[in-house]
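Architecture at a glance
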Amino acid sequence: MRVLTVILARGGSKRLPGKNLKLLGGKPLIGWSIETSKSIPEVCDTLVSTDDPAIRSIANHLDAYVPWLRPAELSLDDSSSTDAVLHALDWYEHEHGQVDGVLLLQPTSPFRNIKKMKEGIKLFSTNNCEAVLGVSLTHAHPKWTFTIRDDALVPFLKDHGLKTRSQDLEPAYVVNGCFYLIAPTALRKERSFFVEGTLPLVIDSHIESLDIDTTEDWHFAEYSVSQLK
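These remarks concern the structure in this document.

Calculation notes
- Residues numbered from 1 in each chain as written.
- Predicted model: local features only at pLDDT ≥ 70, side-chain atom pairs only at ≥ 80, totals over all residues.
- Heavy atoms only, no water.
- Helix = DSSP H or I, 4+ residues; strand = E, 2+ residues; numbered from the N terminus.
- Rg over C-alpha atoms; globule rule 2.2 N^0.38 Å.
- Buried < 20%, exposed > 50% of the residue type's maximum accessible area, 1.4 Å probe, protein only.
- Contact = heavy atoms within 4.5 Å.
- Areas by Shrake-Rupley, 256 points an atom, 1.4 Å probe, with all protein chains shown as cover.
- Lys, Arg positive; Asp, Glu negative; His and termini not counted.
- Charge placed at Lys NZ, Arg CZ, Asp CG, Glu CD.
- Expected span 1.5 Å × (residues − 1).
- Polar contact = N/O pair within 3.5 Å; in protein donor to acceptor, adjacent residues only side chain to side chain.
- Phe/Tyr/Trp six-rings, centres within 6.5 Å; stacked < 30°, edge-to-face > 60°.
- Lys NZ or Arg CZ within 6 Å of the ring centre and 35° of its normal.
- Pairing = 2+ DSSP bridges.
- Core = buried A, V, L, I, M, F, W, Y, C linked by side-chain atoms within 4.5 Å.
- Patch = residues over 30% accessible without salt bridge, like charges linked within 9 Å, V, L, I, M, F, W, Y side chains within 5 Å.
- Salt bridge = Lys/Arg side-chain N within 4 Å of Asp/Glu carboxyl O.
- Axes fitted to C-alpha atoms, helices over the stretch in contact; angles between N-to-C directions.

A count of helices and strands for the chain gives six helices and ten strands. Here the chain has a C-alpha radius of gyration of 19 Å; the compact-globule value for 229 residues is 17 Å, and the two agree. Across its three principal directions, the C-alpha atoms of the chain cover 55 × 40 × 40 Å. Relative to its full complement of 229 residues, the chain shows a buried share of 43%. Intrachain contacts of the chain at a sequence separation of at least 6 include 72% that bridge at least 24 residues. Of the roughly 12400 Å² of accessible surface on the chain, a fraction of 51% belongs to carbon and sulfur atoms. Treating the 24 positive side-chain charges of the chain as one cloud and the 30 negative ones as another, the clouds have centres 3 Å apart.

And the structure:
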């Protein structure tokens, strides 16, 4: 089985400038995902797609594959991650042959558990499915959420569960950004990492499922490193 890992790492970041190269536990944030990818036997290459020469230099130093800088039109604030992955996938298969799966690892999820990652690969390979997504239990159940209309709270769902105990609600999950694995044909057809029949890779650890997006997230990541040590 051949799996291509794609790590998307733009140079621009408004909420946390330069986050992909910020040092976490003594190594660049992007290095955590590169190390994870390179420890998965099924991964044939770890391709970093970036528009930033500094990120390219560091990723090359960490023995990732960075064959080019990502085109500017795929590196805007509103650019689609799926389009960037497809750009990398199309180029790679043209140059190196077909792969069985595309594994998207966001550099903002540094604390992946290798055993759990291998579990996701096994789910994909043994169940003949088209996609596996990393998910975690949501902290705000959708049946307990509201919208605001005319200055008043209105249940977000018509079939809400506001009078139901939390332990009696059906578990609800959210994509945590930790693991996206999909067959190339499905990604090209649906242009999404979620397709019908997607299997869940349930991740219980709050640290493992952390997705760094804000300064507060970064502080928690630094605290987590101290605890992991």
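Okay, back to it.
Now for helix 3 (residues 81–96). Quick reminder: α-helices carry 3.6 residues per turn. Residues three or four places apart thus point the same way. Along its 16 residues, helix 3 runs 22 Å from first to last C-alpha, staying within 8% of the 22 Å computed at 1.5 Å per residue. Burial in helix 3 covers these residues: T82, A84, V85, L86, A88, L89, Y92 and E93. Measuring from the side-chain oxygen of the N-cap residue of helix 3 to the backbone nitrogen of T82 gives 3.2 Å; that N-cap residue is S80. Looking one or two residues past helix 3, G97 carries a phi angle of roughly 95 degrees, positive in sign.

Our next topic: the packing of aromatic side chains. Scanning the entire structure with this criterion turns up six aromatic pairs. Every member of this aromatic cluster is reached through a ring pair, and the members are Y65, W68, W91 and Y92. Over the face of the ring belonging to W218 we find K22, whose NZ or CZ atom lies 4.9 Å from the ring centre. Sitting over the face of the ring of W32, K27 holds its NZ or CZ atom 4.1 Å from the ring centroid.

Here we take up the pairing of strand 8 (residues 152–155). The pairing of strand 7 (residues 146–149) with strand 8 spans four bridges and is antiparallel. Across the sheet, residue R149 finds its bridge partner in strand 8, namely A152. Here strand 7 folds back onto strand 8 in antiparallel fashion, the turn holding two residues, of which D150 has a positive phi close to 55 degrees.

In this structure, V48, V85, I182 and F193 are the most contacted members of the largest nonpolar core, which totals 47 residues. Broken down by element, this core gets its largest block of residues, six residues, from helix 3. The contacts of F193, once residues within four sequence positions are left out, are T82, V85, V102, L104, A131, L133, Y180, I182, L187 and T198. Residues L29, F111, I212 and W218 belong to the second largest nonpolar core, which totals ten residues.

Let us now look at a nonpolar patch on the surface. Among the surface-exposed residues, W144, F146, I148, L153 and L162 lie close enough to one another that they form a single nonpolar patch of about 510 Å² accessible area. Note that L153 resides in strand 8. L153 gets classed as exposed once you look at its relative accessible area, which sits at 59%.

Bringing the sheet that holds strand 6 (residues 131–137) into the picture now. Strand order in the open sheet formed by six strands is 4-1-5-9-6-10, and the pairing between neighbours is mixed. Taken across any chain shown, the strands that pair with only one partner, and hence form the sheet edges, are strand 4 (43–49) and strand 10 (199–202). Across this sheet, the average inter-strand angle for adjacent strands is 30 degrees, counted without regard to direction. Judged from the four bridges that link them, strand 6 and strand 10 form a sheet pairing that is parallel. Note on strand 10: the bridge partner recorded for L133 is P200. Across the face of the sheet, helix 3 comes into contact with strand 1 (3–8), strand 4 and strand 5 (101–104) while running at roughly 135 degrees to strand 1.

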